[in-house]
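Inside the fold
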Amino acid sequence: MALETSRVDDNAALRINSEHAGLIGEAAGEADSGLEDAIALCLSGGGYRAMIFHVGTLWRLNDAGVLPRLSRVSCVSGGSITGAVLGLAWPKLAAGAFSRASFIQHVVTPLRNMASTNVDLESILIGMILPGVTVGDLVAREYRKAIFGSATLQDLPDSPRFVFNATNVQSGALVRFSKPYIWDWRVGKVPSPTTELAVVVGASSAFPPVLSPVTLKFKDSDFEPNSGSGLQRPPFTTRMVLTDGGVYDNLGLETAFKRCRTLLVSDAGGQVQAEEDAAENWASHSKRVLDLVDNQVRSLRKRQLLDAFTSGDAEHRRTGAFWSVRSDIANYQLPDAFPAPFDRTQELARIPTRLDAMEDDLQRRLINWGYAIADAAIRKHWDPAIAKPGDLPYPDAGI
């Protein structure tokens, strides 16, 4: 498929046909065992906006029979909340043959309950008052109380592989949390970790500067010998200071790109808007600069991905689709796509990147939007044989 790079935008959802090697970073960090004929799902960051948008994505994939075929789910930040709930629910979904009723009970309901809970502001305020307690600790406490309990990485299924991404402030590298290991390629690998999911998701969603950092403590002996590159020594192996995974990779591509031949990427990240009168006080200016850095990281990742979608050889040909909360469904040119007025979808895309309680109607619209755009992307550019669903999850809410 030929495509002019200059015309690629956030609405691209393409049949992938590319050379994979070396396009996504950390080439030296994980031995390249070659592409597998497997499907990976990547869930981006974006606070509760991403968490609920991805519910619609999962709902559509489940209705299409794709969910049980996944081999890897790579999650970042708000997407990590959704991915962790899916991972814990996986045995129950499998026992219920991935029925819609089972999916609603074990995935949709707990995530919608979570979206009705205020987490960030309360945690920030308490963290400012109580000595010796970090905001990251308080966010993890809220996750533990509301959704994850005492579950650890060892409570996840062996397959598919669920990966939660954070950024190591000390090493400058990605930290991947999964059932087999925690791994920073520079610091080393901790096999069979028992870290609580509430803490893992808290680290992955530690938006800087207000929810960051999250600090984890290890023993040097916890690390597999000779599994790091240059930094496998204290204090790197005894105290790990982490921030949001989106600082390094807001699409969750790193741990999936070089492994799976098929990539399904759901992007609910924000977008920096132009400002005529940029603030000059240090707090507002710092926030603006952080937003610009985040936007640039996301743009570069997306550019790498879209280049890979369109410029490869047959030996490493891959299939898949990309969709975004900011997409215009009309650009898919799918005759039977769900109606999704662009002005309405852009209202949803502008929901702030917060862990702030979301009204019921807004949740339903955002789920419908994730469902509709994922449907357009996978049917147009991945598997045209998938049948169009009868209706949106919440028909009365619309988009």
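Shown above is the structure to which this text applies.
These numbers come from a predicted model, not from an experiment.

Conventions used here
- Here the residue numbers are simple positions, counted from 1 along each chain's written sequence.
- Side-chain atom pairs in this predicted model are given and counted only at pLDDT of 80 or more, local residue features only at pLDDT of at least 70, and totals for whole chains, interfaces and linings cover all residues.
- Neither water nor hydrogens contribute to the side-chain values; these are computed over all heavy atoms in the structure.
- Exposure classes here rest on a 1.4 Å probe applied to the protein chains alone. A residue is buried below 20% of its type maximum, exposed above 50%, and partly exposed in between.
- For the purposes of this entry, the term helix denotes a DSSP run of H or I that reaches at least four residues, the term strand denotes a run of E that reaches at least two, and both are numbered from the N terminus.
- By this definition, two strands are paired if DSSP reports at least two bridges between them.
- By convention in these notes, a salt bridge is any Lys or Arg side-chain nitrogen within 4 Å of a carboxyl oxygen on Asp or Glu.
- Counted as a polar contact is a pair of N or O atoms within 3.5 Å, where, for protein atoms, one must be capable of donating a hydrogen and the other of accepting one, and residues adjacent in sequence contribute only when both atoms are in side chains.
- Here, two residues are considered to be in contact whenever any of their heavy atoms come within 4.5 Å of each other.

Attention shifts here to the pairing of strand β4 (residues 174-177). Side-chain alternation along β4 places Leu-174 and Arg-176 on one buried face and Val-175 and Phe-177 on a second face that is also buried. Direction of pairing for strand β3 (residues 161-168) relative to β4: antiparallel, over a ladder of 4 bridges. By the bridge assignment for β4, Asn-165 is matched with Arg-176. Between β3 and β4, which pair antiparallel and follow one another directly, the connecting turn spans 5 residues, one of which, Gly-172, has a positive phi of 75°.

The next subject is the pattern of salt bridges. Throughout the structure, instances matching the rule amount to 16 salt bridges. Here Asp-336 makes a salt bridge to Arg-379, at a shortest N to O gap of 3.2 Å. One end of the pair, Asp-336, is in the loop between β10 (319-324) and α10 (342-349); the other, Arg-379, is in helix α11 (residues 360-381), and 43 residues separate them in sequence. By relative accessible area, which is 30% here, Asp-336 ends up partly exposed. Note that Arg-354 is salt-bridged to Asp-356, the shortest N-O span being 3.9 Å.

Attention now goes to the side chain of Ser-178. Checked against the element boundaries, Ser-178 lands in the loop between β4 and β5 (181-184). Judged by its relative accessible area of 2%, Ser-178 falls in the buried class. At a separation of 3.0 Å, a polar atom in the side chain of Ser-178 contacts the main-chain carbonyl oxygen of Tyr-181. When residues no more than four places from it in sequence are discounted, the contact partners of Ser-178 are Leu-153, Arg-161, Phe-162, Val-163 and Pro-193.

Cis geometry marks the peptide bond from Ser-159 to Pro-160; its omega dihedral reads 0°. Here Pro-160 lies in the loop between α5 (135-148) and β3. Put simply, Pro-234 and Pro-235 share a cis peptide bond, and its omega is 5°. In this fold, Pro-235 is placed in the loop between β7 (214-217) and β8 (239-244). Although it is not a glycine, Ala-97 adopts a positive phi angle of roughly 55°. Along the polypeptide, Ala-97 turns up in the loop between α2 (78-95) and α3 (100-115). Classification of Ala-97 by relative accessible area gives exposed; the value is 63%. At Ser-192, a position not held by glycine, the phi torsion is positive, near 45°. Looking at the element boundaries, Ser-192 is found in the loop between β6 (188-191) and α6 (197-204).

What follows concerns the environment of Pro-389. Looking at where Pro-389 falls in the secondary structure, it is placed in the segment after α11. As for Pro-389 and Ala-64, which are separated by 325 residues in sequence, their C-alpha atoms are 8.1 Å apart. Among all residues touching Pro-389, those that are not within four sequence positions of it are Arg-60, Phe-338, Tyr-371 and Asp-375.

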